[in-house]
Amino acid sequence: MSTLEEHIDISVPLPTAWECLHRTETYPRFLNGVREARSDGGLTHLDVDTGGRAREFEVRIVDRDQDTVMAWKTTSGPKLSGTFSLLPIDGQHTRLQARFEYEPGTVTEAFGGPKGFAQAAAIERGVRSDLQQFKELVEQGR
């Protein structure tokens, strides 16, 4: 199992960032490759473009630790999981920490692309890009 952890500081109060994390319909605006997202009965359905192929995934999202940690795990498709943790810096700033857990072989099978160190670097770049896009989305109040 491989683990990637990244964080970004956002210039909004924690409750604002928390609300945006839960707006499923905005996922395509900050998660690269997600074309559509919708929630249904405790599951989130993601239509994803992976290397030019359309795929569908179901994700179970669970809130933990008094509205500061969102844990997620795929229930269909590749076995992936992770957390988004929000930490208050002060009244107007929040740190978003992302943790992503995956099996390298599973990611290669599901998404294609490089293996080994090149794969880890590509995943790291993707997570950083998603966090930056989330920051821009939530700070602009969209």
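The text that follows walks through the structure, step by step, so that each part is easy to find.

1. Looking at the overall build of the protein
Argument step 1. Looking only at helices and strands, one finds 4 helices and 7 strands in the protein.
Argument step 2. Ordered by position from the N terminus, the helices and strands of the protein form the series β-α-α-β-β-β-β-β-β-α-α.
Argument step 3. A burial count over the protein gives 39% of its 142 residues as buried.
Argument step 4. Accessible surface, the protein: about 7800 Å² in total, of which carbon and sulfur atoms supply 49%.

2. Focus on helix H1 (residues 14-21)
Argument step 1. Turning to H1, its buried residues number three or more, namely Leu14, Ala17, Trp18, Cys20 and Leu21. All buried residues of H1 lie within an arc of 165 degrees about the axis, which places them on one face of the element.

3. Regarding the side chain of Thr44
Argument step 1. Relative to the assigned elements, Thr44 resides in strand E3 (residues 43-50).
Argument step 2. Thr44 sits in the buried class, given a relative accessible area of 5%.
Argument step 3. Beyond its immediate stretch of four places on either side in the chain, Thr44 contacts Thr24, Tyr27, Arg38, Ser39, Phe57, Glu58, Val59 and Ile61.

4. A closer look at the pattern of salt bridges
When the charged atoms of two side chains with opposite charge come close together, those side chains can pair.
Argument step 1. The tally for this structure, following the rule as stated, stands at 9 salt bridges.
Argument step 2. Of the charged contacts, one joins Arg38 and Asp47 as a salt bridge, the two residues approaching to 3.5 Å between their closest N and O atoms.
Argument step 3. Relative accessible area serves as the criterion here: at 10%, Asp47 is assigned to the buried category.
Argument step 4. One salt bridge in this structure joins Arg99 and Glu101, with 2.7 Å as the shortest N-O distance.
Argument step 5. Take Arg99: its relative accessible area is 30%, and that puts it in the partly exposed class.
Argument step 6. When its relative accessible area of 22% is taken as the criterion, Glu101 is described as partly exposed.

5. Considerations on the pairing of strand E6 (residues 80-90)
Argument step 1. The sheet contact formed by strand E5 (residues 69-74) and E6 spans 5 bridges and is antiparallel. Within E6, the residue paired with Lys73 across the bridge is Ser81.
Argument step 2. In this antiparallel pair of consecutive strands, E5 and E6, the connection spans 5 residues, and Gly77 shows a positive phi of 80 degrees.
Argument step 3. As judged from the 10 bridges shared by E6 and strand E7 (residues 93-102), these two strands associate in the antiparallel manner. Note on E7: the bridge partner recorded for Gly82 is Phe100.
Argument step 4. Taken together, E6 and the strand that follows it, E7, pair antiparallel across an intervening segment of 2 residues.

The rules behind these values
- Residues numbered from 1 in each chain as written.
- Predicted model: local features only at pLDDT ≥ 70, side-chain atom pairs only at ≥ 80, totals over all residues.
- Heavy atoms only, no water.
- Helix = DSSP H or I, 4+ residues; strand = E, 2+ residues; numbered from the N terminus.
- Buried < 20%, exposed > 50% of the residue type's maximum accessible area, 1.4 Å probe, protein only.
- Areas by Shrake-Rupley, 256 points an atom, 1.4 Å probe, with all protein chains shown as cover.
- Arc of directions from axis to C-beta.
- Contact = heavy atoms within 4.5 Å.
- Salt bridge = Lys/Arg side-chain N within 4 Å of Asp/Glu carboxyl O.
- Pairing = 2+ DSSP bridges.

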